[in-house]
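Residues per chain, in single letters:
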Amino acid sequence: MAVGIFYGTDSGNSETISGKIAEKLGGVKVYDVAKASKADFDGCSSVVLVAPTAGAGDLQSDWEEFLGTLSDTDFANKTIALVGLGDQDTYSETFAEGIFHIYEKAKAGKVVGFTSTDGYNFEASRSVEGGKFVGLVLDEDNQDDLTDSRIDAWIGEVKGQLS
């Protein structure tokens, strides 16, 4: 079974980030959730789920639809890594909460890649558990200069756990 990267996007940022992660992981398949099927998801032993945050903490619409086709049990035997995009200046009270909605189902499996909240400036986020983000969080609006180094550090942590 393979590693799959699943992303949803409106602006194209999640697609770009997914491409960067795929290049660094190597040997993975990348799926746009607007076109992906449950069978695509089921065919992966490990998944990287990349989601932007829509508005004030909502899940992007393509992700909302795709997530609705999955149950908690679809995640049960998978290793899951989450990547969330958000805008910590404009949406400081709901920063990067898009991945929280996915995490609620994904935590039925083995979620890896929690990251520190250090270096971010936000008021609140449901995507923080135990003082860490539930995945890699990127802010392409305000800290795009940190994206590549954050991806590199995160890949170094999760690569051996995804198979």
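Nothing here was measured: the structure is a model prediction, and the numbers come from that model.

Each value, and the rule that gives it
Along each chain, numbering runs from 1 in the same order as the chain's sequence is written. Only residues with pLDDT of at least 70 get local features here, since the model is predicted, and only at 80 or more are side-chain atom pairs given and counted; chain-wide, interface and lining totals rely on the full set of residues. Calculated side-chain values reflect all of the structure's heavy atoms, with hydrogen atoms and water omitted. What is meant by a nonpolar core is a set of buried Ala, Val, Leu, Ile, Met, Phe, Trp, Tyr and Cys residues, joined one to another through side-chain atoms within 4.5 Å. Any residue under 20% of the maximum accessible area for its type is buried, any over 50% is exposed, and the rest in between are partly exposed; the area is computed with a 1.4 Å probe on protein chains only. Every helix listed is a DSSP run of H or I at least four residues long, and every strand listed is a run of E at least two residues long, numbered separately from the N terminus. Residue contacts are counted whenever heavy atoms from the two residues lie within 4.5 Å of one another. In this analysis, strands are considered paired if DSSP registers two or more bridges between them. UniProt positions are given in the numbering used here, feature names are shortened, and annotations may be inferred rather than shown by experiment. Two rings belonging to Phe, Tyr or Trp (six-membered ring only in the last case) form a pair when the distance between their centres is within 6.5 Å. Interplanar angles under 30 degrees mark stacking, angles over 60 mark edge-to-face geometry, and anything in between is tilted. Whether a charge lies above a ring is judged from NZ of Lys or CZ of Arg, which has to be within 6 Å of the ring centre and within 35 degrees of the ring normal.

Novice: Account for the nonpolar core, naming residues and giving values.
Specialist: The biggest cluster of nonpolar side chains holds 28 residues, and the ones touching the most others in it are Phe6, Leu49, Trp63, Leu82 and Ile102. Of all elements in the fold, only strand E3 (44–54), helix H3 (61–67), strand E5 (79–85) and helix H5 (98–106) reach the threshold of two or more residues within this core. Excluding residues within four positions of it along the chain, Trp63 makes contact with Phe6, Tyr7, Gly8, Val33, Leu49, Val50, Ala51 and Ile102. Of all hydrophobic cores here, the second largest spans 21 residues; its members include Val48, Val50, Trp154 and Leu162.

Novice: Run through the pairing of E3, naming residues and quoting values.
Specialist: With nine of its eleven residues buried, E3 lies for the most part within the structure. With six bridges connecting them, strand E1 (residues 2–7) and E3 associate as parallel partners. Directly across from Tyr7, in E3, lies its bridge partner Val50. Pairing of E3 with E5 involves seven bridges; the strand directions are parallel. Bridging from a neighbouring strand, Val50 pairs with Val83 of E5. Of the strand pairs in this sheet, E3 and strand E4 (residues 58–59) are connected by two bridges, and their pairing is antiparallel. Within E4, the position partnered with Ala54 by the bridge is Asp58. In sequence, E3 turns back onto E4 through a hairpin of three residues, with Gly55 there showing a positive phi of about 55 degrees.

Novice: Hey, could you go over the environment of Val28 for me, with residue numbers and the actual values?
Specialist: Note on placement: Val28 falls in the loop between helix H1 (13–25) and strand E2 (29–32). Residue classification places Val28 among the buried residues on the basis of a relative accessible area of 19%. A C-alpha to C-alpha distance of 9.4 Å links Val28 and Val47, two positions 19 residues apart in sequence.

Novice: Break down the UniProt feature "domain: Flavodoxin-like" (unreviewed entry) in the chain for me, with residues and values.
Specialist: Sites flagged by UniProt as "domain: Flavodoxin-like" (unreviewed entry) map to residues 3–159. For residues 3–159, the helix share is 32%, the strand share is 26%, and the end-to-end C-alpha distance is 10 Å.

Novice: Quick one: what's the story with the packing of aromatic side chains, residue by residue and with numbers?
Specialist: For the coordinates displayed, the defined rule picks out twelve aromatic pairs. Look at Phe6 and Phe66: their rings are 5.9 Å apart centre to centre, the planes differ by 20 degrees, and that puts the pair in the stacked class. Here Phe6 is found in strand E1, whereas its partner Phe66 is found in helix H3, with 60 residues between them in sequence. Each of the two residues, Phe6 as well as Phe66, counts as buried. Seen in terms of ring centroids, Phe95 and Phe122 are 5.3 Å apart; in terms of plane orientation they differ by 40 degrees. Their pairing is tilted. In this pair, Phe95 is assigned in the loop between E5 and H5 and Phe122 in the loop between strand E7 (115–116) and strand E8 (128–129), connecting sequence segments 27 residues apart. Aromatic rings pair up to connect Phe6, Tyr31, Phe41, Trp63, Phe66 and Phe75 into one cluster. The cationic tip of Lys78 hangs over the ring face of Phe41; the distance from NZ or CZ to the ring centre is 5.0 Å. The ring of Tyr120 carries Arg150 above its face, with NZ or CZ at 3.9 Å from the centroid.

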